[in-house]
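Geometric and topological summary
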Amino acid sequence: MSGMSVKEVLFVVLEEYADWEAASIAAALNEEPETGERKYRVKTVSLSKDPVTSIGGFRVVPDYTVDEVGNDFAGLVLIGGNSWHKEESKAVMALVQKALDAHKVLGAICGATEFLGMNGVLNNIQHTGNRLDELQEAAGENYTNAARYVEQQAVRDGNIITANGSAFLEFGKEVMTALESAPQEEIDEWYEFFKSGYYEFMQNK
């Protein structure tokens, strides 16, 4: 490297997090691009330093608690799962607000989009999620922006990216684009490689 500082991208993982939504994008962010320098390293954040177990049974020991995170991070990614409706998840909002105030990249996928809706974050942006009716039911009167809900895999509005639980590739592409983690051509190739599969991808190169 030529002295460029490597910034951290924080992945928030709560108990019963959706491991498939995190793995591919985390690997892509941690790798050095084919051209240019590595810009990011992924770190995990949770409510405590206790191991967090995914839906698939993978255990992660978080690098930070939500209270330990400073201001020197480039992006915040909220990974979906089964804990975003729980009362204790509200502790994550201070970190979300820190990202919003500093105009950092903020991504939320699957159940984490409902968490943003429950806390009023989606009321001024175009967004998506698992389903509009689920979002409305989860967020209640804190969510007032159904008119700007979009039925597509992932939506980026400025620095905020939302996606449904099947859209980890589209989500990853939008997050990497927002972070400019690699040349856009490489990001597009990453997406197409996994979306279309090896043989179709190679035929189209």
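Rules used in this analysis
Residues numbered from 1 in each chain as written. Predicted model: local features only at pLDDT ≥ 70, side-chain atom pairs only at ≥ 80, totals over all residues. Heavy atoms only, no water. Core = buried A, V, L, I, M, F, W, Y, C linked by side-chain atoms within 4.5 Å. Buried < 20%, exposed > 50% of the residue type's maximum accessible area, 1.4 Å probe, protein only. Helix = DSSP H or I, 4+ residues; strand = E, 2+ residues; numbered from the N terminus. Patch = residues over 30% accessible without salt bridge, like charges linked within 9 Å, V, L, I, M, F, W, Y side chains within 5 Å. Areas by Shrake-Rupley, 256 points an atom, 1.4 Å probe, with all protein chains shown as cover. Salt bridge = Lys/Arg side-chain N within 4 Å of Asp/Glu carboxyl O. Pairing = 2+ DSSP bridges. Contact = heavy atoms within 4.5 Å. Axes fitted to C-alpha atoms, helices over the stretch in contact; angles between N-to-C directions. Parallel < 35°, antiparallel > 145°, perpendicular 65-115°, else oblique. Left-handed = near helix turned anticlockwise from the far one by under 90°. Nonpolar A, V, L, I, M, F, W, Y, C, P; charged D, E, K, R; others polar.

Here we come to the nonpolar core. Across soluble globular proteins, you tend to see nonpolar side chains buried next to one another. Residues Phe 11, Leu 29, Ile 79 and Leu 179 are the most contacted members of the largest nonpolar core, which totals 31 residues. Among the secondary structure elements, those contributing two or more residues to this core are β1 (7–12), α1 (19–30), β2 (40–46), β7 (105–109), β9 (160–163), α5 (168–179) and α6 (184–196). Top element by residues in this core is α5. It accounts for six residues. Core analysis: the second largest hydrophobic core is formed by 29 residues, Val 69, Leu 95, Ala 112 and Ile 160 among them.

There is a patch of nonpolar side chains on the surface, built from Phe 193, Phe 194, Tyr 198, Tyr 199 and Met 202 and spanning about 560 Å² of accessible area. Of all the elements in the fold, those that place two or more residues in the nonpolar patch are α6 and α7 (198–203). Positionally, Met 202 belongs in helix α7.

Now for the sheet that holds β2. With mixed pairing, seven strands are arranged side by side in an open sheet as β5-β2-β1-β6-β7-β9-β8. On the outer flanks of this sheet lie β5 (64–65) and β8 (154–157), each paired with one strand and no other. Bridge count between β1 and β2: six bridges; the pairing is parallel. Residue pairing in the sheet places Val 12 in a bridge with Val 45 of β2. Those strands touched by α1 are β1, β2 and β7, and its axis lies near 145 degrees from that of β2.

Counted under the stated rule, the structure contains eight salt bridges. The salt bridge involving Glu 134 is made with Arg 131; its shortest N-O contact spans 3.3 Å. Accessibility expressed as a relative area gives 45% for Arg 131, which makes it partly exposed. One network of salt bridges, in which partners are shared, links Arg 131, Asp 133 and Glu 134.

Packing of helix α3 (residues 111–118) against helix α4 (residues 132–139) brings their axes to within 8 Å, and their N-to-C directions diverge by 45 degrees. When the interaxial angle is binned, α3 and α4 end up oblique. For the pair α3 and α4, the sense of crossing is right-handed. Across from Thr 113, Glu 114, Gly 117 and Met 118 in α3, the residues of α4 making contact are Glu 134, Leu 135, Ala 138 and Ala 139. When the residues that make up the contact of α3 with α4 are grouped by side-chain class, the tally is four nonpolar, two polar and two charged.

Further remarks concern unusual backbone geometry. Look at His 103: it is not a glycine, yet its phi comes out positive at around 55 degrees. The topology assignment puts His 103 in the loop between α2 (93–101) and β7. Residue class for His 103 comes out exposed when judged on its relative accessible area of 64%. Positioned with a positive phi, Cys 110 is a non-glycine residue whose angle comes to about 60 degrees. By secondary structure assignment, the location of Cys 110 is in the loop between β7 and α3. Given the relative accessible area of 16%, Cys 110 is considered buried.

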